[in-house]
Amino acid sequence: MPAPSFTVRRARVKDIPAIQGLVAPLVVQRILLGKDNAVLYGAVQEFRVAEDASGTVIGCGALHVMWDDLAEVRTVAVDPAWQRRRVGHALVERLEADAVELGVDKLFCLTFEVEFFAAHGYSPVGEGLVGPDVVVELARSGDEGVAEFLDLARVKPNTLGNTRMLKVLVPDADTNRSRGP
């Protein structure tokens, strides 16, 4: 029997209710931070969605650029009926390709799904991914994902027990920075 078919594409504003529906159960479980619809609509260009052959959204994920060489893979969620069918993998691979296209060198995630991200080349890391001067700049952001990254107290209930992971994209041995294709 052939594998079920799905495609990954850029999200559209009409996808926000479906994204909210995928994310809501994970927010209740304190796996993901909740986002108001206004925040999701404002960030729709960061999202990719997976849809099945009928056009139903079955997964989502976002790439949020945080600094000149760092972006976060965030809000990865897959409909439970589609889990373990490579939907999450396809979304992360597309987000990584987007990062390369944007010229981002490093991808960060805060996750409870360590094995999943490790399979994509992410490794657990401690703090100190950016210098103190960048921390000061990032602290000005009202974005909850940035608050997670900075480990601010207001997001602690959602971040207790998760793992910081980092992937360096296409490393260049001479400069220790990555280059796109």
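Anything mentioned here points back to the structure above.
The model shown is predicted, which means the values in this text are computed figures rather than measured ones.

### Examining the environment of Ala24
Thinking step 1. Note on placement: Ala24 falls in helix H1 (residues 16–28).
Thinking step 2. Of the residues examined, Ala24 reaches a relative accessible area of 35% and is grouped as partly exposed.
Thinking step 3. Taking the C-alpha atoms as reference points, Ala24 and Ala77, 53 residues apart in sequence, are found 9.7 Å from one another.

### Focus on the sheet that holds strand E7 (residues 163–168)
Thinking step 1. Spatially, the seven strands line up as an open sheet ordered E1-E2-E3-E4-E5-E7-E6, and their pairing is mixed. Among the strands making up the open sheet, the edge pair consists of strand E1 (6–10) and strand E6 (123–124).
Thinking step 2. Here strand E2 (residues 47–52) runs beside strand E3 (residues 57–67); their pairing, made up of five bridges, is antiparallel. What sits directly across from Ala50, in E3, is Gly59.
Thinking step 3. The strands touched by H1 are E2, E3 and strand E4 (70–78); relative to E3, the strand with the most contacts, the crossing angle is about 85°.
Thinking step 4. Strands E1, E2, E3, E4, strand E5 (106–111) and E7 of the sheet are contacted by helix H3 (residues 87–102), whose axis makes an angle of about 30° with E3.

### Some words on the pattern of salt bridges
Thinking step 1. Under the defined criterion, the tally for this structure stands at eight salt bridges.
Thinking step 2. The salt bridge partner of Asp15 is Arg9, with a shortest N-O separation of 2.8 Å.
Thinking step 3. When its relative accessible area of 10% is taken as the criterion, Arg9 is described as buried.
Thinking step 4. The closest approach of N and O atoms between Lys14 and Asp15, which form a salt bridge, is 3.9 Å.
Thinking step 5. Note on Lys14: relative accessible area 58%, which makes it exposed.
Thinking step 6. By relative accessible area, Asp15 is classed as buried at 3%.
Thinking step 7. The network of salt bridges with common partners includes Arg9, Lys14, Asp15 and Glu51.

Rules behind the numbers
Residues numbered from 1 in each chain as written. Predicted model: local features only at pLDDT ≥ 70, side-chain atom pairs only at ≥ 80, totals over all residues. Heavy atoms only, no water. Helix = DSSP H or I, 4+ residues; strand = E, 2+ residues; numbered from the N terminus. Buried < 20%, exposed > 50% of the residue type's maximum accessible area, 1.4 Å probe, protein only. Pairing = 2+ DSSP bridges. Contact = heavy atoms within 4.5 Å. Axes fitted to C-alpha atoms, helices over the stretch in contact; angles between N-to-C directions. Salt bridge = Lys/Arg side-chain N within 4 Å of Asp/Glu carboxyl O.

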